[in-house]
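Commentary on secondary and tertiary structure
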Amino acid sequence: MPVAEITRAETARRASLVRVRSYDIELDFTRGEEVFGSVSVIRFGCAEPGSPTYVDLVAETVREITLNGVPLDPDAAYRDGRVTLASTEADNVLTVKADCAYTHSGTGMHRSADSADGRVYVYGKFTPAYARTAYACFEQPDLKAPFTFTVTAPAHWTILSNQDPDTERSRRNARIVRFRPTVPLPTFATTVVAGDYHVVTSAHVTPDGREIPLMLACRASLAEYLDSGAVFTLTGQGLDYYEKLLGREYPYGKYGHAFVPEFSAGATEKPGCVLLSERMLFRGTVTESLREIRTMIVLHEMAHMWFGNLVTARWWDDLWLSESFAEFCGHDASVRLGLHADAWTTFSLTRKSWGFAQDRLPTTHPVSADAGTLGEAVANFDGISYAKGAAVLRQLTGYVGEDAFFGGIRDYLAAHAFGNATLPDLLDAVAARVGEDCAGADLAAWGRSWLQTAGPNTLRPEFATGPDGRFTSFAIVQEAPDGHPVLRPHHVSIGLYRRGEDGTVTRERCVEADVAGSRTEVRALAGVARPDLVVLNDDDRGYVLTRFDPGSLRAILAVAGEVPEPAARAACWNALADMTSQAELPLPEFARAVAAALRREPTGAPRREPTGAPRREPPAAEAQALAGLAQPLIERLAGPAQAAAAKEELAAAAADLLLAAAPGGDHQLAWAQLLSWTATSDQQLDLVAGILSEVVEVPGLPLETELRWALLRQLAAAGRAGDTEISAERDRDPTEAGLRNAAACRAAIPEAVHKKAAWELLTSGTLGPESVRAVARGFMLPEHAALLEPYSAAYLPALAELWDGRGGHLRALLGQVLFPFPVVSASLLESLDGFATARADDPGLARMLAELADHGSRALRSRASDSRASDSKVCT
């Protein structure tokens, strides 16, 4: 059934008419495997009686519609995802009875059966606008209302929602649970979770003595991995922190987390019942990096309870604000709570780098983008809305001061609690808190410059030196992309570094500068001795890309890992990664620099500075973030030879470090994980095979399920393991994750028959989001370019079929992961352009194709650059 686009103009008109008083939603999960029953009773007022309006619903069948006691003909009233109400009264009661479809995409009302035991799991992921696929509603953020859910499910099922149960009764092998009414919520914030979930409960007592009930849920087959103590402790810490920071008590009756299968995101912020991907449920020993990610995600979603749910954007194009704020808070709280001291460094290497990459694309947009349709707004939920927005908000705290910033946030929440607000409302609240020390702060101008323009700025040093080696002039040159020629104000630090004879790097001087316009003279550096290395944005506070002078580039490629401060290292790595993505630096050079930096990591024995003081080593989380920065560059930019060379370089470092690491430490596991996707040479693969078979002993290394699968996948990709070994490992791990991992391993086998089977599996429509990602990683390896050649011609026909036959999120995911980067060619890009022209009426498809074409063009430029630079050690 075609579904009409949701537009801002129509929803604004509807918001001017309608006041939703309440929803009573009944869901029946006893109707089979394909559909569930849905009954919506909506009580609402109309400011202009007699006016028409509509409610949103995407259903398989609409059985009954009754407005104010008068039946409406479903065949006449229901069309294109809407129930049209030709005339309304001042007070209305609408009842809609329908059969709605389960999904298998991690969005809407997802239903799946556990392959380990056949048990069934259902959950509702309604962000951003999937509530209409489960019940009739006014699907827009600014029509909030209380919700009362009543759920009928098999008698042995657990049933959860935003609130605690109010009443329960039985009916022939079924339970009927009615939940307490919620406070006013936007439709996307509601959820129901039902199935054979294992549940653990607790409570958190706040400093003022209030008790907040806590809950954790997961599939029964994963109950042994539910580390409830750690999650409950983190939840309590976060609740106390945010209540104090934001000046308002937690506004909901309970706080729960449900770990759900095949989720389409990392998590989503349902009040009282946060949904998290099962990737955050650890099936064994994990590194600090993964623990840090989970901490950030939990704290990110918790920030939404106030910023996004208590106060909600008026329309979807302003939801970036709640995501940016939550992203900022997730990392900031990690630091302030003492949980992860270097969280802002890993933010820079993992999240901020994502923002830079997204900002480089032809589809870049302002952080605060003007989107007239839901499709346009949702397309903008990307690295700009999350990571760039968070980085910019962090700059705002420096611009106005933390007291003014958080004071303004508290005022904003108090003024708009349980309602809706806009970006100007927030900026006005912060501006009202700006004190005399920041009286010159012009937040309107700041907002225009940073939030309403697109594209990144790039800063370059430009200087001259005299015969004595001292600067006679020093300037910072600012550039902007041709398509977005905006030069912004920046406050940056300039670090000057000297490399000692023992290889250590020392910062000799740091100078602050306010950058404006295309060229800014830095007079404070006149007469200063030229160092070995000049680093712009040395404290990494600014959202800005940087470049090096030729001498500094040679130095940083050799000593990036030796730069003493984590923030400065992060700024340098983001500069090098961006240079690599823009074909300014050959990929092998970047890989060698990363490998050299990794070799600086600790092996167990304490290292000392020349002064004799113990040297502070970067945490393993930073090392893993750095490897994570390299991986997508290799996967997208490299041809077969470059990928093999880059991986072999990284694997050589990983192998040496693994064998020298302290037993049982975080670094030891990190090196094994790095080796599991980079091992290339016979010697490296022998080591992987020896570890997996336990012929090679690595004392202290936890050879648990996920690591075993990762090692086996790399052996399969090298042709060193096949179906027999994969089946044996699957027997050891008869879980849903085991099934997914086995499919990924088979997809990695370098044989045409296995590649064909993987392609058919990916395009079959039987896989959920997490399985799609896993199988695609095994299938689309740059080393297997020759085997992937047939899928260059197959891509566009498959995309056309997928796009027309699948739902929103999953078709976009498949379109991205099936694009054959290893065999991208000029002819493929030409065909892509023609396909985009023929289907230009679909903005979501057009955006995805434009981004793929840009990535593909950069891959071709990078490979040509690598070829030209093959005899050079450094690109300057």
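This report concerns the structure included in the present document. (Residues numbered from 1 in each chain as written. Predicted model: local features only at pLDDT ≥ 70, side-chain atom pairs only at ≥ 80, totals over all residues. Heavy atoms only, no water.)

This part is about the sheet that holds strand β3 (residues 53-56). Working definition: the strands of a sheet are paired by backbone hydrogen bonds and lie parallel or antiparallel to each other. What the 3 strands build is an open sheet, ordered β3-β7-β6; its pairing is antiparallel. Each edge of the open sheet carries a strand with a single partner, namely β3 and β6 (78-79). For β6 and strand β7 (residues 82-85), the ladder comprises 2 bridges, and the chain directions are antiparallel. Of the residues in β7, the one forming a bridge with Tyr 78 is Val 83. Relative to the sheet, helix α1 (residues 8-17) contacts β3 and β7, its axis offset from that of β3 by approximately 115°. (Pairing = 2+ DSSP bridges. Helix = DSSP H or I, 4+ residues; strand = E, 2+ residues; numbered from the N terminus. Contact = heavy atoms within 4.5 Å. Axes fitted to C-alpha atoms, helices over the stretch in contact; angles between N-to-C directions.)

Ranked by internal contacts, the top residues of the largest apolar core, which has 132 residues, are Phe 29, Leu 57, Tyr 242 and Trp 306. The element contributing the most residues to this core is helix α3 (residues 228-246), with 8 residues. Apart from the residues within four sequence positions on either side, Tyr 242 is in contact with Gly 247, Leu 299, Met 302, Ala 303, Trp 306, Cys 329, Gly 330 and Ala 333. Grouped together as the second largest cluster of nonpolar side chains are 114 residues, Leu 553, Ala 593, Leu 692 and Ala 836 included. (Core = buried A, V, L, I, M, F, W, Y, C linked by side-chain atoms within 4.5 Å. Buried < 20%, exposed > 50% of the residue type's maximum accessible area, 1.4 Å probe, protein only.)

By secondary structure assignment, the location of Thr 150 is in strand β11 (residues 147-154). A distance of 3.0 Å separates polar atoms of two side chains, one belonging to Thr 150 and the other to Arg 178. (Polar contact = N/O pair within 3.5 Å; in protein donor to acceptor, adjacent residues only side chain to side chain.)

With antiparallel pairing, the 3 strands of this open sheet are ordered in space as β26-β25-β28. Two strands lie at the open edges of the sheet, namely β26 (505-515) and β28 (533-536), each paired on one side alone. Within the sheet, the average angular offset between the axes of one strand and its neighbour, ignoring direction, is 20°.

In this section: the pattern of salt bridges. Per the stated rule, a full pass over the model turns up 56 salt bridges. Here Arg 530 makes a salt bridge to Asp 549, at a shortest N to O gap of 3.4 Å. Residue Arg 530 is found in the loop between β27 (519-521) and β28, and its partner Asp 549 is found in the loop between β29 (545-546) and α12 (550-559); the two are separated by 19 residues along the sequence. For Arg 530, a relative accessible area of 33% gives the class partly exposed. Connected through shared salt-bridge partners, Asp 208, Arg 210, Glu 243 and Glu 249 make up one network. (Salt bridge = Lys/Arg side-chain N within 4 Å of Asp/Glu carboxyl O.)

The subject of this paragraph is the packing of helix α13 (residues 566-581) against helix α15 (residues 620-637). Orientation of α13 relative to α15, taken along the N-to-C sense of each, is 5°, at an axis distance of 11 Å. Classed by the angle they form, the pair α13 and α15 counts as roughly parallel. Judged by residue contacts, Pro 566, Arg 569, Trp 573, Asn 574, Ala 577, Thr 580 and Ser 581 of α13 engage Glu 622, Leu 626, Leu 629, Leu 633 and Leu 637 from α15. Here the residues of the contact of α13 with α15 sort into 7 nonpolar, 3 polar and 2 charged. (Parallel < 35°, antiparallel > 145°, perpendicular 65-115°, else oblique. Nonpolar A, V, L, I, M, F, W, Y, C, P; charged D, E, K, R; others polar.)

Here we come to the packing of α3 against helix α4 (residues 288-304). Look at α3 against α4: their axes get within 10 Å of each other, and the N-to-C directions meet at 45°. Relative to α4, the element α3 is oriented oblique. The chirality of how α3 crosses α4 is right-handed. Contacts between α3 and α4 involve Ala 230, Val 231, Leu 234, Thr 235, Gly 238, Leu 239 and Tyr 242 from the former and Arg 294, Thr 295, Val 298, Leu 299, Met 302 and Ala 303 from the latter. (Left-handed = near helix turned anticlockwise from the far one by under 90°.)

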